[in-house]
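Analysis of the macromolecular model
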Amino acid sequence: MIGYAFMGAAHSHAWRTAPRFFDLPLAPRMTALAGRDPERVAAAAGKLGWDSSETDWRRLVERDDIDLIDICVPGNLHAEIAIAALEAGKHVLCEKPLANSVEEAEQMTAAAEAAKAKGVYAMCGFSYRRTPALSLAKQLVDSGALGPIRHVRAQYLQDWLTDENAPLTWRLDKTKSGSGSLGDIGAHIIDAAQWVAGSSITGVSAIMETFVKERPVGGDFVGLGGVGGADGPKGPVTVDDAAMFTARFAGTAENPGGAVGVFEATRFALGRKNAMRVELNGAKASLAFDFEDMNSLWFYDAADGPNSGFRKIQATEPEHPYTGNWWPVGHGLGYEHAFTHQVVDLVGAIANGEQPTPSFADALRVQRVLAAVEASAEDESRWTTV
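Computed from a predicted structure; not experimentally measured.

On to the overall build of the protein. When its secondary structure is counted, the protein shows 10 helices and 18 strands. What you see for the protein is a C-alpha radius of gyration of 21 Å, in line with the 21 Å of a compact globule of 386 residues. Projecting the C-alpha coordinates of the protein onto the three principal axes gives extents of approximately 65 × 55 × 40 Å. Relative to its 386 residues, the protein shows a buried fraction of 54%. For the protein, restricting intrachain contacts to residue pairs at least 6 apart in sequence, the fraction spanning at least 24 positions comes to 70%. For the protein, the computed accessible surface area is about 16600 Å², with 50% contributed by carbon and sulfur atoms. Across the protein, the centroid of the 35 positively charged side chains sits 1 Å from that of the 49 negatively charged ones.

On to unusual backbone geometry. For the peptide bond that leads from Lys96 to Pro97, omega is -20°, which places it in the cis range. Relative to the helices and strands, Pro97 is located in the loop between strand E4 (91-95) and helix H5 (102-116). Geometrically, the link from Thr357 to Pro358 is a cis peptide bond, its omega value of 0° lying close to zero. Relative to the helices and strands, Pro358 is located in the loop between helix H9 (335-352) and helix H10 (360-378). Even without being a glycine, Ser381 presents a positive backbone phi close to 65°. In this fold, Ser381 is placed in the loop between H10 and strand E18 (384-385).

Another point: H10. With 19 residues, H10 ought to run about 27 Å at 1.5 Å a step, and its terminal C-alpha atoms sit 27 Å apart, in line with that. For H10, the capping residue at the N-terminal end is Ser359, with a side-chain oxygen 3.3 Å from the backbone nitrogen of Ala361. Note on H10: the residue one or two positions beyond its end, Glu380, has a positive phi of about 55°.

What follows concerns the pairing of strand E3 (residues 68-71). Pairing geometry for E3 and E4, over four bridges, is parallel. Paired with Ile69 across the two strands is Val92, which belongs to E4. In this view, the connection linking E3 to its parallel neighbour E4 by way of helix H4 (residues 78-87) has right-handed handedness.

Another aspect to go through is the pattern of salt bridges. Enumeration according to the criterion identifies 23 salt bridges in this entry. The salt bridge involving Asp184 is made with Arg171; its shortest N-O contact spans 3.1 Å. Here Asp184 is found in helix H8 (residues 181-197), whereas its partner Arg171 is found in the loop between strand E6 (149-157) and helix H7 (174-177), with 13 residues between them in sequence. Assigned by exposure class, Asp184 and Arg171 land together as buried.

Quick look at the packing of H4 against H5 now. Relative to each other, H4 and H5 sit at 10°, their axes nearing to 9 Å. In terms of their interaxial angle, H4 and H5 are classed as roughly parallel. H5 is crossed by H4, and the crossing has left-handed handedness. On H5, the residues touching His78, Ala79, Ala82, Ile83 and Leu86 of H4 are Glu104, Gln107, Met108, Ala111, Ala112 and Ala115. Partitioning the contact of H4 with H5 into residue classes produces eight nonpolar, two polar and one charged.

What follows concerns the packing of aromatic side chains. Within this structure, the stated rule accounts for 15 aromatic pairs. The interplanar angle of 45° and the centroid separation of 5.7 Å between the aromatic rings of Tyr300 and Phe310 together place this pair among those described as tilted. A residue pair is termed long-range when its members are at least 10 positions apart, and Tyr300 in strand E16 (residues 296-301) and Phe310 in the loop between E16 and strand E17 (311-314) qualify at 10 residues. Looking at Tyr300, the relative accessible area reads 24%, which means it is partly exposed. Phe310 sits in the partly exposed class, given a relative accessible area of 40%. Put simply, the rings of Phe6, Tyr128, Tyr156, Phe289, Phe291, Tyr335 and Phe339 pair up and form one aromatic cluster.

Let's shift gears to the pairing of strand E15 (residues 285-290). Extensive coverage of E15 is indicated by the burial of five of its six residues. In the sheet, strand E14 (residues 275-282) pairs with E15 via five bridges, with the strands oriented antiparallel. The residue bridging Arg277 from the neighbouring strand is Asp290, located in E15. The turn linking E14 back onto E15 is made up of two residues. Here E15 runs beside E16; their pairing, made up of four bridges, is antiparallel. Its bridge partner lying in E16, Leu287 is registered against Phe299. With antiparallel pairing between neighbouring strands as the criterion, E15 and E16 make up a hairpin whose turn holds five residues.

Here we take up the environment of Thr175. Within the secondary structure, Thr175 sits in helix H7. Put simply, Thr175 and Asn76 are 99 residues apart on the chain and 6.8 Å apart in space, counted from C-alpha to C-alpha. With sequence-adjacent residues up to four places away left out, Thr175 is seen in contact with Asn76 and Asn100. Within the local environment of Thr175, its side chain forms a polar contact with the side chain of Asp173, the two groups lying 2.7 Å apart.

Let us look at empty space enclosed by the protein. Overall, the coordinates contain one cavity of 30 Å³ or more when judged by the stated rule. The calculated volume of the largest cavity comes to roughly 30 Å³. Forming the boundary of the largest cavity are Thr316, Thr323, Trp326, Trp327, Pro328, His331 and Leu333. The residue inventory of the lining of the largest cavity, partitioned by class, reads four nonpolar, three polar and no charged.

About the cut-offs
Residues numbered from 1 in each chain as written. Predicted model: local features only at pLDDT ≥ 70, side-chain atom pairs only at ≥ 80, totals over all residues. Heavy atoms only, no water. Helix = DSSP H or I, 4+ residues; strand = E, 2+ residues; numbered from the N terminus. Rg over C-alpha atoms; globule rule 2.2 N^0.38 Å. Buried < 20%, exposed > 50% of the residue type's maximum accessible area, 1.4 Å probe, protein only. Contact = heavy atoms within 4.5 Å. Areas by Shrake-Rupley, 256 points an atom, 1.4 Å probe, with all protein chains shown as cover. Lys, Arg positive; Asp, Glu negative; His and termini not counted. Charge placed at Lys NZ, Arg CZ, Asp CG, Glu CD. Expected span 1.5 Å × (residues − 1). Polar contact = N/O pair within 3.5 Å; in protein donor to acceptor, adjacent residues only side chain to side chain. Pairing = 2+ DSSP bridges. Right-handed = clockwise from strand over helix to strand, strands pointing away. Salt bridge = Lys/Arg side-chain N within 4 Å of Asp/Glu carboxyl O. Axes fitted to C-alpha atoms, helices over the stretch in contact; angles between N-to-C directions. Parallel < 35°, antiparallel > 145°, perpendicular 65-115°, else oblique. Left-handed = near helix turned anticlockwise from the far one by under 90°. Nonpolar A, V, L, I, M, F, W, Y, C, P; charged D, E, K, R; others polar. Phe/Tyr/Trp six-rings, centres within 6.5 Å; stacked < 30°, edge-to-face > 60°. 1 Å grid on protein atoms, 1.4 Å probe; cavity = no way out; pocket = protein on both sides within 12 Å on 5 of 7 lines; lining within 4 Å. Points joined across faces, edges and corners; volume = space filled by probe spheres on them.

Just geometry here; none of it tells us what the structure is for.
Set out below in C-alpha cells:
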C-alpha cells in the first residue's frame, strides 16, 4: 500500500479484517507500506499491521513478493503509480477519483485493459457501493421494483471547511487534488447515482463556488482539516468549496427520454457531517438513502395506496448484502465495513479471474462527468455533454 493517512488507515483496517470475517479464496498478506518519511512510515507500518516499509513506491512495484498495489495518495500521483504497477503485472486498487484529469484516467483505463488481457486486474475504490443499505437499493432497482426511473437526487454534505481559518491542506490545492468538493465527495454521489440507477449521465449544467479564497498555510492538522494560524501567512485556495449541477441520464427502453437528476456537493453545510444522500423516484416506487443513517433504506411503494408512506428497511438481516458475516440482526455496521467489503469483492474477483467493479472504465465515466461539470461552470452553466 502507498500512503498511510486517512485512507491508508481505512484500507489497512479492511485488509486486516476481511479474512477474519469472510472466507476468502486467497489470503491477503500485508507485505509492505510506502511513504516518504522513513520514521513515520515505519511507525505507521507497525501500527497498521504491515510487515515492512519502503520510502519509494517504486520499490513496491519492483518487489517479487508483492502481487497487488493499493494506492491511497493524492490524485496527482494516481496515474504514474497505477500504470507502472499494472505494467509490472501487479493488480491495482486505486482510491477515487481515478485521476485529476480525463486524459490521465484514459491512460489508466488503457493500461488496465491491457493488463486484464494478461489476467491482471484494476479496481477503483468507490467504497460507498459496499454499504449494505445502498447495495440493497441497487438490488431493488435491478429487480424492477421502482419501474422506470424518473428522478435521481443526490447530495454529499459536509461542514469541515466552514471555519475560515481551517488550514490549507493538500485537498485545497488543485495541483494535488484535481478539484475540491466536486472530486472529493461529488465523485462518490456521481458513481453511486449512476450505479444504483443503472444509467450514465449524458449532460450537465453546473455552478461551482469557492467561498473562502485564502487559508492559513500552517496550523494544527487534525482529521481532514484542523485549526490554522489566523494571524500567520495565507495561501490561495485553488479548488471549489461547493459544486451543484442538474443532469440528464441516458434513455432506456422504458423511459426513452432518460431520468433527470440534481446533484450537490459541499463542505460548507453547517451541521452536516457526512450526509451522503441518494434518492430515486420511479414510476412505481421510490427509495432514499442517507449515510448519516447508513444502516437504513427508506422505500415507498405506490401500490400500498394513498394512506401509506415511506417505510424504513433496517438493512441488517442475514439476506441483505454483506451483513450475514457480521453481527446479529439490528447490530449496525459502520463506515469501515464498506472498505472490508471492498477487499472481499476484490479478492474474490481476482481469485475467479473476473473483472472487479467498479473498473477503471467505470471510474473514467465518473471522471468525464467531473470534467463536464467544471466545463459547464466555467462557461456560465451552459449545458455540456458528457
